[in-house]
Amino acid sequence: MTLTATPAPGKTLLNPDDHTLIMIDFQSQMAFATHSIDAVALRTNAALVANAAKVFGVPAILTTVAEKSFSGPMFSEVTDPFPGQALIDRTTMNSWEDAAVIAEVNRLGKRRIVLAGLWTSVCIVGPAISAIEQGFEVYVITDACGDVSTEAHERAVARMVQAGTIPMTSVQYLLELQRDWARGETYDATTGVAKHYAGAYGLGITYAKTMFGAQEGQTV
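The structure contained in this document is the topic of the report that follows. Note that the coordinates shown come from a computational prediction; the quantities given were computed from them, not determined experimentally.

Looking now at the overall build of the protein. The helix and strand inventory of the protein stands at 10 helices and 6 strands. Since a compact globule built from 220 residues should have a radius of gyration of about 17 Å, the 18 Å found for the protein is in line with a globular shape. When the backbone C-alpha atoms are referred to their principal axes, the protein occupies close to 55 × 50 × 35 Å. Considering only residue pairs separated by 6 or more positions, the protein has 78% of its internal contacts joining residues 24 or more positions apart. Of the roughly 11000 Å² that the protein leaves accessible, carbon and sulfur atoms contribute 56%. Here the protein contributes 15 positive and 22 negative side-chain charges, whose respective centroids are spaced 5 Å apart.

Another aspect to go through is the environment of Val 161. Structurally, the position occupied by Val 161 is in helix H7 (residues 150-163). Owing to a relative accessible area of 39%, Val 161 belongs among the partly exposed residues under this scheme. Between the C-alpha atoms of Val 161 and Val 140, which are 21 residues apart in sequence, the distance is 9.3 Å.

Next up on the list: the sheet that holds strand E3 (residues 88-90). The strand order across the open sheet built from 6 strands is E3-E2-E1-E4-E5-E6, with neighbouring strands paired in parallel fashion. Where the open sheet ends on each side, the last strands, each with one partner, are E3 and strand E6 (166-168). Neighbour to neighbour, the strand axes of the sheet diverge by 25° on average, direction disregarded. Of the strand pairs in this sheet, strand E4 (residues 112-118) and strand E5 (residues 137-146) are connected by 6 bridges, and their pairing is parallel. Directly across from Leu 115, in E5, lies its bridge partner Val 140. Contacts from H7 reach E5 and E6 within the one sheet, and its direction differs from that of E5 by about 170°.

Cut-offs and rules
Residues numbered from 1 in each chain as written. Predicted model: local features only at pLDDT ≥ 70, side-chain atom pairs only at ≥ 80, totals over all residues. Heavy atoms only, no water. Helix = DSSP H or I, 4+ residues; strand = E, 2+ residues; numbered from the N terminus. Rg over C-alpha atoms; globule rule 2.2 N^0.38 Å. Contact = heavy atoms within 4.5 Å. Areas by Shrake-Rupley, 256 points an atom, 1.4 Å probe, with all protein chains shown as cover. Lys, Arg positive; Asp, Glu negative; His and termini not counted. Charge placed at Lys NZ, Arg CZ, Asp CG, Glu CD. Buried < 20%, exposed > 50% of the residue type's maximum accessible area, 1.4 Å probe, protein only. Pairing = 2+ DSSP bridges. Axes fitted to C-alpha atoms, helices over the stretch in contact; angles between N-to-C directions.

Laid out in structure tokens, this is it:
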């Protein structure tokens, strides 16, 4: 049998309009005990994800746990891209058991859920497995998650993958939403987010544009 290739994206690739982003418990108290990822890297990756969602108009749910009584405010890097958006505060460790979160998931009506937050083994595993069992497709941005140890984070990711979760990274999330540099309407915003938050890749973009006036959409 001869296969015929077509210039079309795979069905499991994310589009801006097919998923809800849920950013969970990016809070001071949770970050203090996070050791699987450097705090600066965690904040940078969370900012990249939040700003990517803002650029592409991805609906986002921002949720905290015991914000006033214990865990503290959500990172400003996460909230700033969504000015005026209310945070959903919970008592449940598993966001999927919170009625207000689920009401917002249902209101937005997306069949795919993308998760990022703290801690991976508790507050990400819980909604990931719960959503999968209810028929949703779940993606986890693993470098925008963290846990009390590398072991805890890695075992949590493995458990979610075994359950059917698709892992990805923060830069991958941004570039998967753009996917084609000829998409001029989001080109500048995408490269702008990358320059600010994508580390060495962002430095490369700055260098190329400054030194050569380069643009990714150009062909030789």
